[in-house]
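# Architecture at a glance
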Amino acid sequence: MASLKKNVEQVLTARGLSRAELSSRVGLSESELVSFLRAPPKRSEGLLQKLSRELIVPDFFLFAETVPIPEARFPDFRLSKPARTGYARETLQWMDFATSIQLQADESAPNTKPTLSLKTAVGTTNNVSAAAKNLRERLGFTFELQTEAKDARTLFAWLRRQIETLNVFVLLLSFPEKDGVGFCLTGKHYDVIVLNTRKQSPPRRLFTLAHEIFHCALGMSGVSDPFVINNAVERACNQFAVEFLAPTALVKQQSAKFIHSSTLEIDQLSRFAKAMKLSMHASVIRLVELEIYRPSAIGAWQRFIRSNGDPEISAGGGGRRQEEWKYKLAKYGFKFAEVFGEAKTRGVYDDYEFYQLSGIKPKYQDDYIQRSSRARPEDAIEVEGGEDA
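Because the structure is a prediction, the values reported are computed rather than measured.

Turning next to the overall build of the protein chain. A count of helices and strands for the protein chain gives 18 helices and four strands. At 23 Å, the protein chain has a C-alpha radius of gyration in line with the 21 Å of a compact globule built from 389 residues. Dimensions of the protein chain, computed from the C-alpha atoms along their principal axes, are close to 75 × 50 × 45 Å. Counting over 389 residues, the protein chain shows a buried share of 50%. Taking contacts inside the protein chain between residues at least 6 apart in sequence as the whole, the part at least 24 apart equals 67%. Entry remark: accessible area of the protein chain is about 18500 Å², with carbon and sulfur atoms responsible for 51%. Within the protein chain, one finds 53 positive and 47 negative side-chain charges whose respective centroids are separated by 2 Å.

Glancing now at unusual backbone geometry. Positive phi values are uncommon outside glycine, yet N167 reaches one of about 60°. Unusually for a residue other than glycine, K277 sits at a positive phi of about 70°. Along the polypeptide, K277 turns up in the loop between α13 (266–276) and α14 (280–289).

To continue, consider the confidence of the model for the protein chain. Regions with low pLDDT should not have their predicted coordinates read in detail. Looking at the protein chain, pLDDT values average 90 and 93% of them are 70 or higher. Predicted confidence in the protein chain is weakest over helix α1 (residues 4–15), with a mean pLDDT of 83, and strongest over helix α8 (residues 143–148), with 98. Every residue in residues 384–388 is under pLDDT 50, and counting partners more than four places away or in other chains gives 19 contacts.

What follows deals with helix α2 (residues 19–26). All buried positions along α2 are accounted for by L22, S23 and V26. Across the axial projection of α2, the buried residues extend over an arc of 100°, all falling on one side. Buried-residue contacts for α2 involve α1, α3 (30–38) and α4 (45–55). Immediately downstream of α2, the backbone of G27 shows phi near 80°, a positive value.

Okay, the state of the cysteines next. Applying the stated rule across the entire model yields zero disulfides. Unpaired in this structure, C216 has its nearest cysteine sulfur neighbour in C184, at a distance of 4.1 Å.

Looking now at the layout of surface pockets. Its volume calculated, the second largest pocket comes out at about 620 Å³. Lining the second largest pocket we find 24 residues, and of these R15, Q93, D96, F97 and S100 sit closest to its centre. Looking at the lining of the second largest pocket, the elements that each hand over two or more residues are α1, α5 (89–108) and α17 (351–358). Among the elements that make up the lining of the second largest pocket, the one with the highest residue count is α5 (nine residues).

Below, the discussion takes up the environment of P247. Mapped onto the secondary structure, P247 falls in the loop between α11 (232–245) and α12 (248–258). Sequence separation between P247 and T99 is 148 residues; the distance between their C-alpha atoms is 33 Å. Not counting chain neighbours up to four residues away, the residues in contact with P247 comprise R136, F143, V242 and R286.

Glancing now at the nonpolar core. If you look at the biggest cluster of nonpolar residues, it comprises 57 residues, and the most contacted ones within it are L51, L55, I101, F169, F183, F336 and F340. Looking at which element gives the most residues to this core, the answer is helix α16 (residues 324–345), with nine residues. Excluding residues that lie within four positions of it along the chain, F336 makes contacts with F97, I101, F169, G341, F354, L357, S358 and Y368.

About the criteria used
- Residue indices begin from 1 for each chain and proceed along its sequence in written order.
- Reporting of local features is limited, given that this is a predicted model, to residues whose pLDDT is at least 70; pairs of side-chain atoms are given and counted only at 80 or more, and all residues count toward the totals for whole chains, interfaces and linings.
- Neither water nor hydrogens contribute to the side-chain values; these are computed over all heavy atoms in the structure.
- Numbering of helices and strands starts at the N terminus; helices are DSSP runs of H or I of at least 4 residues and strands are runs of E of at least 2.
- Restricting the calculation to C-alpha atoms gives the radius of gyration, and the globule rule supplies 2.2 Å times the number of residues raised to the power 0.38.
- Here's how the labels work: a residue is buried when its accessible area is under 20% of the maximum for its type, exposed when over 50%, partly exposed in between, all with a 1.4 Å probe on protein chains only.
- Every residue pair with non-hydrogen atoms within 4.5 Å of one another is taken to be in contact.
- Accessible surface area values rest on a Shrake-Rupley calculation with a 1.4 Å probe, where residue burial reflects the displayed protein chains alone.
- By the counting scheme adopted, Arg and Lys are positive, Glu and Asp are negative, and His together with the chain ends is not counted.
- Here the site of a charge means atom NZ of a Lys, CZ of an Arg, CG of an Asp or CD of a Glu.
- Scored from 0 to 100, pLDDT records how confident the predictor is in each individual residue.
- Taking the helix axis as origin, the arc is that swept by the directions to the C-beta atoms.
- Here, two cysteine sulfur atoms that lie within 2.5 Å of each other are counted as a disulfide.
- In this analysis the probe radius is 1.4 Å and the grid spacing 1 Å, with only protein atoms considered; a cavity is a set of points the probe fits into but cannot get out of, a pocket is an open set with protein on both sides within 12 Å along at least five of seven lines, and lining residues have an atom within 4 Å of a point.
- Grid points are joined across faces, edges and corners, and a volume is the space filled by probe spheres set on the points.
- Only buried Ala, Val, Leu, Ile, Met, Phe, Trp, Tyr and Cys residues count toward a nonpolar core, and they belong to the same one when joined by side-chain atoms within 4.5 Å.

Structure, rendered in structure tokens:
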């Protein structure tokens, strides 16, 4: 006979959750939860629904002979020893989504070319600086393109489009900030990068994308935050992001134009950061690393933030209405439309199955798929507004 307790514990293990975390989420003490799982009363439908909701499984799974759920592949790289932690339900849903599209992409379009992969573009070098240079050259990411881009949002849109040509899905999704600013899932044919849209300025989102790119190149799936560095993998990914977005030669070129003092001058720093498409925080650190600023500049920047707040944090607020296909393109990207749109055209998915996979309502599916093939990178710039998918 199937055991409710055994099944729940199996799902907890797969999800990286503890009994204490689950009991808190369903409004019980841990001892009450254990007692319920051992001998559930006859009228317990409400609590069973809460359990299935938090565990993100159908309620009948809880009484099945076996629970067909794989263990999560997303260790938390913010820890000194990366391991799975108790992610929020919303985060776990997006992790399931990333896993599903990677698996179904392999099944829908298995004949991918190795020459188009991110790992091939980065190369086999153990030198992080060389890896960053290799990728810049492969993408055509020139100094002129970077400095002449309108702003960090525009550069992010261009870079995202280029990275997606290397069989990488780049998704912009929203989940609790406590679960990091991004995560990735690496694979043999396809990689998936998910960036958290909550409270990330455009320059920081650009840096996070570069950080996750190297996670994929290393074959290290997991959750991360470039501001939380407690292990060698995160240090390497941050170093790559720095070398990729702020190579020494480019920093020296632009600092010669904008930085005229070895001590912090906010106006000069702001102009430099805008030219580089970096955050002012990252700019200060890089300028100190290259001895263009004195080490005291970091303390001066921290004092400025304490006194004046971060000048790059937006006050928020509503935005203009965005066309739905652009809203979907900003969220799901070009690669998603390319791979699954082609599969839908071949009859692999009907409207309902495509909706089950993506959450995109049938009335928006064809417009998103067809327009994305002709879209420009800037069409995928995220703007507030738009109906839910």
